[in-house]
Amino acid sequence: MNLNWQSVPGALVKVSVGGNHVWGVNAGQDIFRWNGHGWDHIPGKAVGISAGSDGSVWCVNAGDDVFSWNGSSWNKMPGALTCVAVANSNSVWGVNRGQQIWHWTNGAWHAVDGAAVQIDAGEVGWVWC
């Protein structure tokens, strides 16, 4: 199968695509957003990032702090996570250092049965961990 991959400049260790949005994090924990021609450096530091289908973006930093993008800056959110996954603004999931799974609903994190070290969410409501 030939997919005609196109190389773009940059060196990311994490990348997330949601809708028409591409976000990434490099080895220095710097955050970048693809503008269609190159990468825009976004203030802040992250070890993980997730972009939802509606443009929602959340990230976690090395201190397990959680942030959501408001279009111009990061809002610090409650909780402590090592991994976050965004399907859309109404479907955000996370995992903490204790491997507990959390779902963001009505402005708060709610524990979900199970255990995981990583999680991902799709726009059709599927969550995998």
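Here the structure is a predicted model, which means the values were calculated and not measured.

**Some details on the packing of aromatic side chains**
A full pass over the atoms with the stated rule returns eight aromatic pairs. Taking the centre distance of 6.2 Å and the plane angle of 40° together, the rings of Trp126 and Trp128 count as tilted. In this structure, Trp126 and Trp128 share a single accessibility class: exposed. Pairwise contacts between aromatic rings join Trp23, Trp69 and Trp74 into one cluster.

**Some points on the pairing of strand β11 (residues 100–105)**
The pairing of strand β10 (residues 91–95) with β11 spans four bridges and is classified as antiparallel. Looking across to β11, one finds that Gly94 is bridged to Trp102. Linking β10 back to β11 in an antiparallel pair, the connection comprises four residues, with Gln99 at a positive phi of about 65°. Judged from the six bridges that link them, β11 and strand β12 (residues 108–115) form a sheet pairing that is antiparallel.

**Observations regarding the pairing of strand β1 (residues 12–18)**
As paired strands, β1 and strand β2 (residues 21–26) are joined by six bridges and run antiparallel to one another. Each bridged residue has a counterpart across the sheet, and for Val17 the counterpart in β2 is Val22. Between β1 and β2, which pair antiparallel in sequence order, lie two residues; one of them, Gly19, sits at a positive phi of approximately 60°.

**Some points on the sheet that holds strand β8 (residues 74–77)**
Strand order in the open sheet made by the four strands is β5-β6-β7-β8, with antiparallel pairing throughout. Looking along the sheet, the strands with just one partner apiece sit at the ends: β5 (48–51) and β8. Pairs of neighbouring strands in the sheet enclose a mean axial angle of 25°, with direction left out of account. In this sheet, β8 lies alongside strand β7 (residues 66–69) in antiparallel orientation, the contact comprising four bridges.

Calculation criteria
Residues numbered from 1 in each chain as written. Predicted model: local features only at pLDDT ≥ 70, side-chain atom pairs only at ≥ 80, totals over all residues. Heavy atoms only, no water. Phe/Tyr/Trp six-rings, centres within 6.5 Å; stacked < 30°, edge-to-face > 60°. Buried < 20%, exposed > 50% of the residue type's maximum accessible area, 1.4 Å probe, protein only. Pairing = 2+ DSSP bridges. Helix = DSSP H or I, 4+ residues; strand = E, 2+ residues; numbered from the N terminus. Axes fitted to C-alpha atoms, helices over the stretch in contact; angles between N-to-C directions.

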